[in-house]
Amino acid sequence: MDAFLGTERNPLQVAVVGSGPSGFYAAEALLKSGQAVRVDMIERLPAPYGLVRYGVAPDHPKLKEAILAYQVIAQLPHFSLLANVNVGRDIEVDELRAHYHAIVFACGAEADRRLGVPGEDLAGSHTATEFVAWYNGHPDYRERSFDLSAEVAVVIGQGNVAADVCRILAKSVDELRATDIAQHALDALAASRVREIHLIGRRGPAQAKFTNKELKELGELACCDTQVDPRDLALNAESLAELQSKANYISAKNVEILRDLAARALGGRPRRLLFRFLESPLELVGAGRLEELVLVRNRLEGSPFQQSAHSTGETARLRCGLLFRSIGYAGVPIPGCPFDARQGIFPTRDGRLVDATDAVIPGLYAAGWIKRGPSGIIGTNRADSVATVKSLLADVPSLPSGAKAGSAGLAPLLAQRAVRAVSLDDWRVIDAHEVARGEPLGKPREKFTRVAEMLGCLDGGAVSQR
Amino acid sequence: MTTIVTDNCNGCRFTDCVTVCPVACFHADETMLYIDNNVCIQCSACIPLCPVHAIYADDDIPEDQAHWIEINAERSQALPVVTEKQDALPGAEARKAALGY
Ligand SMILES: Cc1cc2nc3c(=O)[nH]c(=O)nc-3n(C[C@H](O)[C@H](O)[C@H](O)COP(=O)(O)OP(=O)(O)OC[C@H]3O[C@@H](n4cnc5c(N)ncnc54)[C@H](O)[C@@H]3O)c2cc1C
Ligand code: SF4
Ligand code: SF4
């Protein structure tokens, strides 16, 4: 008979799929649980850290310091990294289940939501995701190009990702040069002719989802004036009631910031950012590429905190050559896992994956954006992962207790499939190369933007392609 | 950039804030918490989580709370890190109500 699961003689083998914040916080909670646990973190890219590396804006270097905390977690005994391994492609979920007692999916929400309007796929119309991943040097987006020759750009959506996109478009390359922004993006932005950026939200100023800090930052740009139409700040009674609620002080502060901006004279800066509220895109028009956006005016209906945008039927047209939509993310299904296509998440109950009949699938868990959907910031995922791990640990007595091989069981499969797993030590080598490349440029790092380049740092450069 | 815990935390210590801190920079004594700004990444995750709005950042720090900047800096160095939710102090609910939240 096997020793009790979770003891030194039969440690709990857990695979964590994904190396973003939720993956690291799940690993930490497991490794600090007091039980004997082995955690293998499996990541599809050779580089860890998920959206902290590939989402958080390069001009927010302080936030990227969350990585320092992940480096500490990665040092905990019994943590291993298997990067450059794609679950569902290089390794099947069933194969993981054969070698681990439990699997925590922390694979994020990497797909985009669609606007669902005609012309959405015209050249010049992009998702914020593509642009963000491209300027952050994500290998999947290395070959994208963005035509920044248009003078008028539109950003649809009013949350922090939309704010990031606006800032990157609005800043001069001199303001970005010393960040870890990808060189290809810096080169393209240097030639940008964008002068006007319209930031469009379907609801009003009281409902915008910016954090105070991100919004304030948009009013403090060195090379870009910010314009808010005072008429947009004439709020309806329901919105005023929302702002009265003490718990809603973030929105109240947002409106205060917007009022200050509306009262300010433009400063003659070369670029201009225009906030537009209560408008939705109806159609993107152009012969082969985006030339014009048709917008409809909305009004709010519903009681305070339940207000939704409804079309008034009144339309407006805006000449523009570039559009980014930032209206949310959805998870990507992995064969062998249940998927809720409507919400774009893995369906769970208390962090445990459930099948179509709502029955728990033993040993499978989820945390972070793939569990909750794309809401919340880096730290939100810590509380979330801790909750999932609590469920997992509570299940240990009922999990099949036979010993599992963990990564030793995966190694032959990966070898057979010619997959070069990137360990923590390997990653440190790649990381050091990136930092060294950045140094002469005055950048914290110059990221490798191709998988082959990253792998080229390893094995004396022997592994280059896959 | 600075994020600090102020007066309102004193005597309540709900610690909802620590559960979302991505970098474990909250330190605690018997009555309240303090942020170590050498470690804090200024992500503001903790601010909306605090039920009594005790946490402020940068130019939102009320003038009459500015002395807390130094207190946070000093106390956080001397005290242990807290990363998990603690039991609220006895009387926390009453204090929360008294503060109008
Ligand atoms: C553009 C943008 C900007 C943001 N800015 C901020 C900010 O300024 N401050 C802040 O606090 N938060 C910010 N956030 C939010 C924050 O990034 C997220 O809350 C957080 O990253 C979600 O963590 P996660 O671990 O669930 O997912 P992710 O960070 O997305 O990590 C998922 C990981 O799983 C990997 N993966 C996916 N599929 C597979 C597979 N099949 N096999 C193996 N690995 C796989 C991915 O490659 C990725 O590394 C931002 C988000 C975005 C999109
Ligand atoms: S949530 Fe607020 S009151 Fe509670 S410990 Fe944190 S700062 Fe103090
Ligand atoms: S701002 Fe972020 S890093 Fe700083 S104390 Fe709050 S949660 Fe922690």
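By the naming in an unreviewed UniProt entry, chain B goes by Ferredoxin and is assigned to Candidatus Methylophosphatis roskildensis. In the Function (unreviewed entry) part of its UniProt record, chain B is described as follows: "Ferredoxins are iron-sulfur proteins that transfer electrons in a wide variety of metabolic reactions."

Chain A appears in an unreviewed UniProt entry as FAD-dependent oxidoreductase from Candidatus Methylophosphatis roskildensis. Regarding chain A, the relevant UniProt record gives this comment under Sequence similarities (unreviewed entry): "Belongs to the ferredoxin--NADP reductase type 1 family." Recorded under Cofactor (unreviewed entry), the UniProt text for chain A is reproduced unchanged: "FAD".

Engineer: Let's hear about the site of ligand 3: which residues, and what values?
Structural biologist: In the vicinity of ligand 3, the residues found are Cys21, Pro22, Val23, Cys25, Phe26, Ile35, Cys40, Ile41, Gln42, Cys43, Ser44 and Cys46 of chain B. Across the shell around ligand 3, the residue classes break down as 10 nonpolar, two polar and no charged.

Engineer: Let's hear about the environment of Ala421 of chain A: which residues, and what values?
Structural biologist: Residue and element names in this part refer to chain A. One can find Ala421 in the loop between α15 (407-416) and α16 (424-438). The exposure class of Ala421 is partly exposed, given its relative accessible area of 22%. Residues Ala421 and Gly116 lie 305 residues apart in sequence; the distance between their C-alpha atoms is 39 Å. When residues no more than four places from it in sequence are discounted, the contact partners of Ala421 are Leu82, Ala83, Val85, Leu414 and Asp426.

Engineer: An account of the packing of aromatic side chains is requested, with residue identities and associated values reported.
Structural biologist: Residues and elements named next belong to chain A. If you walk through the whole model with that rule in mind, you get 17 aromatic pairs over all chains. Aromatic side chains Phe210 and Phe275 sit 6.1 Å apart centroid to centroid with 80° between the ring planes, which places their arrangement in the edge-to-face category. Residue Phe210 is located in the loop between β8 (196-200) and α10 (212-218), and its partner Phe275 is located in strand β10 (residues 271-276); the two are separated by 65 residues in the primary sequence. Judged by its relative accessible area of 2%, Phe210 falls in the buried class. Since its relative accessible area comes to 3%, Phe275 is described here as buried.

Engineer: How would you summarise the UniProt feature "binding site: NADP(+)" (unreviewed entry) in chain A if you had to cite specific residues and measurements?
Structural biologist: Residue and element names in this part refer to chain A. When the UniProt feature table is mapped onto this chain, "binding site: NADP(+)" (unreviewed entry) is found at Gln158, Gly159, Asn160, Val161, Arg202, Arg203, Glu214 and Gly376. Within the secondary structure layout, Gly159 lies in the loop between β7 (152-156) and α7 (160-170). For Gly159, a relative accessible area of 16% translates into the label buried. Each residue touching Gly159, except ones within four places of it in the same chain, is listed here: Lys209 and Phe210. Within the fold, Glu214 resides in helix α10. Filtering out sequence-adjacent residues up to four positions away, Glu214 remains in contact with His60, Asn160, Ala163, Asp164 and Arg167.

Engineer: With reference to specific residues and values, describe the site of ligand 1.
Structural biologist: All names here are of chain A. Around ligand 1, the surrounding shell holds 32 residues, and the nearest of these are Ser22, Glu43, Leu51, Trp369 and Ile378. Contacts to ligand 1 include Gly376, whose backbone N or O atom sits 3.2 Å from an oxygen atom. Asn381 places a side-chain nitrogen or oxygen 3.1 Å from an oxygen atom of ligand 1. In the complex, the protein chains occlude 95% of the 1000 Å² of accessible area that ligand 1 would expose alone. Only α1 (21-31), β2 (37-43), α2 (50-54) and α7 provide two or more residues apiece to the shell around ligand 1. Classifying every residue of the shell around ligand 1 gives 17 nonpolar, 11 polar and four charged.

Each value, and the rule that gives it
Residues numbered from 1 in each chain as written. Chains lettered and ligands numbered in written order. Predicted model: local features only at pLDDT ≥ 70, side-chain atom pairs only at ≥ 80, totals over all residues. Heavy atoms only, no water. UniProt positions renumbered as here; feature names shortened; annotations may be inferred. Near = heavy atom within 4 Å. Nonpolar A, V, L, I, M, F, W, Y, C, P; charged D, E, K, R; others polar. Helix = DSSP H or I, 4+ residues; strand = E, 2+ residues; numbered from the N terminus. Buried < 20%, exposed > 50% of the residue type's maximum accessible area, 1.4 Å probe, protein only. Contact = heavy atoms within 4.5 Å. Phe/Tyr/Trp six-rings, centres within 6.5 Å; stacked < 30°, edge-to-face > 60°. Polar contact = N/O pair within 3.5 Å; in protein donor to acceptor, adjacent residues only side chain to side chain. Areas by Shrake-Rupley, 256 points an atom, 1.4 Å probe, with all protein chains shown as cover.

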